[in-house]
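Results of the structural survey
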Amino acid sequence: MISQNVDSVAVPYDTRPGWWRVVRALAATLGGVADTADTLLLLHGPNLNLLGEREPHIYGTDTLDDYVAFATASAAEHGLDVEAHQSNFEGELIQHIHAARNRCAAIVINPGAFTHYAWAIHDALAAFDGPIVEVHISNPNSREPWRHTSVVAPVATGSITGFGKQGYDLAVRAVAASLAAR
Ligand SMILES: O=C1C[C@@](O)(C(=O)O)C[C@@H](O)[C@@H]1O
């Protein structure tokens, strides 16, 4: 299997801040807007489907499903749904980023090795209007020199590296704070 899609998980809408519920309820009443939670797109790039088996001394033993479940639980605390995809193909990740435009509130992305050279992912993210958090399980800056460059960082709202699975909770919190500040 070359691409893994993880179904989005609905969370109770009433976990959102009170003012937001009032705004959305008003919009739903006046304009027929669907009363749904905002969606966070969670993207994983190449080789991250092998989490749990791949270089466990660097990436630990949690699987990709564990990471997605962890991020989804964290997002639920902030009233966000998660739509998660993993792909080993740059173009497929780009398609997911395009599909998120005007639909998803924010993106959390671990681009894997694409981080270091995939300018097309940079450009796709640049065309997304919402908070973007780049997350890495390891700290690429403390590893081989070729990992020290991120072509994603310039178009990300911020980057979180080196905190393992905990970094995904930090990323979700950062997204929630960015959305609340808008
Ligand atoms: O595949 C990966 C994983 C990674 O993105 C991380 O999460 O630490 C770091 C990248 O340099 C590497 O190519």
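Residues numbered from 1 in each chain as written. Predicted model: local features only at pLDDT ≥ 70, side-chain atom pairs only at ≥ 80, totals over all residues. Heavy atoms only, no water.

Here the focus is helix 4 (residues 90-100). Among the residues of helix 4, those classed as buried are Leu-93, Ile-94, His-96, Ile-97 and Ala-100. Along the long axis of helix 4, the arc covered by the buried residues comes to 160°, so they all point the same way. Looking one or two places after helix 4, you find Asn-102, whose phi comes out positive at around 60°. (Buried < 20%, exposed > 50% of the residue type's maximum accessible area, 1.4 Å probe, protein only. Helix = DSSP H or I, 4+ residues; strand = E, 2+ residues; numbered from the N terminus. Arc of directions from axis to C-beta.)

What follows is about the pairing of strand 3 (residues 80-87). Within strand 3, eight of the eight residues are buried, which leaves it mostly tucked inside the rest of the structure. Where burial is concerned, the two faces of strand 3 agree: the one with Leu-80, Val-82, Ala-84 and Gln-86 and the one with Asp-81, Glu-83, His-85 and Ser-87 are both buried.

Before going further, it helps to examine the packing of aromatic side chains. Scanning the entire structure with this criterion turns up two aromatic pairs. Measuring from centroid to centroid gives 5.1 Å for Tyr-67 and Tyr-168, while their planes differ by 70°, and the two rings are edge-to-face. Of this pair, Tyr-67 sits in helix 3 (residues 64-77) while Tyr-168 is found in helix 6 (residues 166-181), placing the two residues 101 residues apart along the sequence. On the basis of relative accessibility, which here comes to 1%, the residue Tyr-168 falls in the buried class. With centroids separated by 5.9 Å and ring planes inclined at 75°, the aromatic side chains of Phe-114 and Tyr-117 adopt a geometry described as edge-to-face. A cation over an aromatic ring shows up here: Lys-165 above the ring of Phe-70, its NZ or CZ 5.0 Å from the ring centre. (Phe/Tyr/Trp six-rings, centres within 6.5 Å; stacked < 30°, edge-to-face > 60°. Lys NZ or Arg CZ within 6 Å of the ring centre and 35° of its normal.)

UniProt records the feature "active site" (unreviewed entry) at Tyr-59 and His-136, using the numbering of this structure. Across 78 residues of sequence, these annotated residues stay compact in space, with a maximum C-alpha separation of 9.7 Å. Mapped onto the elements, Tyr-59 comes out in helix 2 (residues 56-59). Aside from chain neighbours lying at most four places away, what touches Tyr-59 is Leu-51, Arg-54, Tyr-67, Ile-137, Ser-138, Arg-143 and Arg-147. Secondary-structure assignment places His-136 in strand 5 (residues 132-136). His-136 has contacts with Asn-110, Pro-111, Gly-112, Thr-115, Ile-160, Thr-161, Gly-162 and Phe-163, leaving out every residue within four places of it along the chain. (UniProt positions renumbered as here; feature names shortened; annotations may be inferred. Contact = heavy atoms within 4.5 Å.)

Where helix 3 meets helix 6, the axes come as close as 9 Å, and the angle between the chain directions of the two elements is 35°. Along this stretch, helix 3 crosses helix 6, giving a crossing that reads as right-handed. Together, Tyr-67, Phe-70, Ala-71, Ser-74 and Ala-75 of helix 3 and Gln-166, Tyr-168, Asp-169 and Val-172 of helix 6 make up the contact between the two elements. Broken down by class, the residue content of the contact of helix 3 with helix 6 amounts to six nonpolar, two polar and one charged. (Axes fitted to C-alpha atoms, helices over the stretch in contact; angles between N-to-C directions. Left-handed = near helix turned anticlockwise from the far one by under 90°. Nonpolar A, V, L, I, M, F, W, Y, C, P; charged D, E, K, R; others polar.)

This paragraph deals with the site of the ligand. Contacts to the ligand come from Arg-54, Tyr-59, Asn-110, Gly-112, Ala-113, His-116, His-136, Ile-137, Ser-138 and Arg-147. A distance of 3.0 Å is found between an oxygen atom of the ligand and a side-chain nitrogen or oxygen belonging to Arg-54. Within the side chain of His-116, one N or O atom sits 2.7 Å away from an oxygen atom of the ligand. Partitioned by chemical class, the residues of the shell around the ligand number three nonpolar, five polar and two charged. (Near = heavy atom within 4 Å. Polar contact = N/O pair within 3.5 Å; in protein donor to acceptor, adjacent residues only side chain to side chain.)

Okay, the packing of helix 4 against helix 5 (residues 119-126) next. With their axes 9 Å apart at the nearest point, helix 4 and helix 5 run at an angle of 5° to one another. What the angle tells us is that helix 4 and helix 5 run roughly parallel. Together, Glu-90, Leu-93, Ile-94, Ile-97 and His-98 of helix 4 and Trp-119, Ala-120, Ile-121, Ala-124 and Leu-125 of helix 5 make up the contact between the two elements. Grouping the amino acids of the contact of helix 4 with helix 5 by side-chain chemistry returns eight nonpolar, one polar and one charged. (Parallel < 35°, antiparallel > 145°, perpendicular 65-115°, else oblique.)

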